[in-house]
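Structural overview for review
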Amino acid sequence: MQSIADRATGARVLEALRRSLRVDWRDYAALIPLREDGSPFAVLIAIILSQNTNDKNAITAYRRLRSRVGVRPEDILSAPREAIEEAIRPSGMYRQKASAIIGAAKAVVEAGGERALETLPPEEVRRILEGVKGIGRKTVDVFLNVTRGVEVFAVDTHAQRIAWRWGLAPRKASYEKVSTALASFFNGQDLGEAHRLLIALGRTYCTARRPRCSECPLREVCPYPSRESQSAGQAGDRG
Ligand code: SF4
């Protein structure tokens, strides 16, 4: 499989993305509580709310929860479950997400409170959080990257699709394979920024349907346009 790595380094790609895409923290659910509240547990809540929905819905749900219930573990544990569910309804799957948020609040309080998220070794934080039903590897990867600066590439649907189009991983590769391939391509540096730039790329040019390759800042180095035109040509030949 042709790969973008044969034509450009991760650093060059990152630079091209930085030049042509706008990353505004207000568009990313995980960054809002970090900037506005500075609380790691609030960041965790926002990431849970962003599961299986877009950031806009997650941000709406987060703001409702913050104003109606609060976003400290103690606020969550003292609130009626229905109030949490009602507040986060705009993010979808609100019953499962309420369970995950309540489970996370319990786990954090048992671990010594919110400060434990900032002081325990990242792998210990990972173990605690992945023990909560409804919190998986991606949620913890985003959390550790955003709050602790751990260099790990969190893979969402945009990153999965782009890694395949770039020829870095098979289309249905596992989360771990895609995460490792992207981290290695970007040389293990600035992975949080790279993650957000890939989301921006996936929203503007590299969309799931009809990617805008002819306008994309990576059209010269990305193998996908020529791969697609070849397969279209072969289909034409067969037809
Ligand atoms: S839009 Fe096209 S050229 Fe740009 S990264 Fe996606 S597949 Fe590659």
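Parameters at a glance
- Residues numbered from 1 in each chain as written.
- Predicted model: local features only at pLDDT ≥ 70, side-chain atom pairs only at ≥ 80, totals over all residues.
- Helix = DSSP H or I, 4+ residues; strand = E, 2+ residues; numbered from the N terminus.
- Rg over C-alpha atoms; globule rule 2.2 N^0.38 Å.
- Contact = placed C-beta atoms within 7 Å.
- Buried ≥ 20, exposed ≤ 12 C-beta atoms within 10 Å, placed from the backbone.
- Arc of directions from axis to C-beta.
- Near = placed C-beta within 6 Å.
- Nonpolar A, V, L, I, M, F, W, Y, C, P; charged D, E, K, R; others polar.
- Axes fitted to C-alpha atoms, helices over the stretch in contact; angles between N-to-C directions.
- Parallel < 35°, antiparallel > 145°, perpendicular 65-115°, else oblique.
- Left-handed = near helix turned anticlockwise from the far one by under 90°.
- Domains from an automatic or database assignment.
- Core = buried A, V, L, I, M, F, W, Y, C linked by C-beta atoms within 7 Å.

Examining the overall build of the protein
Within the protein one finds 14 helices and zero strands. In sequence order, the protein lays out its α and β elements as α-α-α-α-α-α-α-α-α-α-α-α-α-α. The C-alpha radius of gyration computed for the protein amounts to 19 Å, which stays within 12% of the reference 18 Å derived for 239 residues, consistent with globular compactness. The C-alpha extent of the protein, read off along each of the three principal axes, is 65 × 35 × 30 Å. Sequence-distant contacts in the protein: of pairs separated by 6 or more residues, those separated by 24 or more amount to 62%.

Quick word on helix H6 (residues 81-88)
Buried residues of H6: Ile84, Ala87 and Ile88, and no others. In an axial view of H6, the angular spread of the buried residues amounts to 85°, which keeps them on one side of the axis. Considering only its buried residues, H6 is in contact with helix H3 (40-49), helix H4 (55-68), helix H5 (73-78) and helix H7 (94-110).

Examining the site of the ligand
Residues in contact with the ligand, as listed here, are Arg165, Tyr205, Cys206, Pro211, Arg212, Cys213, Cys216, Leu218, Arg219, Cys222, Tyr224 and Pro225. In the shell around the ligand, the residues fall into nine nonpolar, no polar and three charged.

A few points about the packing of H3 against H4
Axis separation between H3 and H4 bottoms out at 9 Å; the angle between their running directions is 135°. Judged by the angle between their axes, H3 and H4 are oblique. As for how H3 packs across H4, the hand of that crossing is right-handed. Residues Ile45, Ala46 and Leu49 of H3 lie in contact with H4, whose contacting residues are Ala58, Ala61, Tyr62 and Leu65. Split by residue class, the contact of H3 with H4 holds seven nonpolar, no polar and no charged.

Points about unusual backbone geometry
Positive phi values are uncommon outside glycine, yet Asn187 reaches one of about 60°. For Asn187, the position within the fold is in the loop between helix H12 (175-185) and helix H13 (191-204). On the basis of neighbour counts, which here come to 14 C-beta atoms within 10 Å, the residue Asn187 falls in the partly exposed class.

Let's talk about the domain arrangement of the protein
Along its sequence, the protein is organised into domain 1 (4-22 + 153-238) and domain 2 (37-148). Of note, the centres of domain 1 and domain 2, computed from C-alpha atoms alone, are 30 Å apart. Each partner contributes residues to the interface: domain 1 has six residues there, and domain 2 has six residues. The class makeup of the residues in the side of domain 1 that touches domain 2 is four nonpolar, one polar and one charged.

Considerations on the nonpolar core
Ala29, Ile45, Ala46 and Tyr62 are the most contacted members of the largest nonpolar core, which totals 69 residues. Per element, the largest residue contribution to this core is nine residues, and it comes from H3. Each of domain 1 (4-22 + 153-238) and domain 2 (37-148) accounts for three or more of the residues forming this core.

What to know about the environment of Thr207
Looking at the secondary structure, you find Thr207 in the loop between H13 and helix H14 (224-238). The class for Thr207 is partly exposed, based on 13 C-beta atoms found within 10 Å. Sequence separation of Thr207 and Pro73 is 134 residues, and the distance between their C-alpha atoms is 37 Å.

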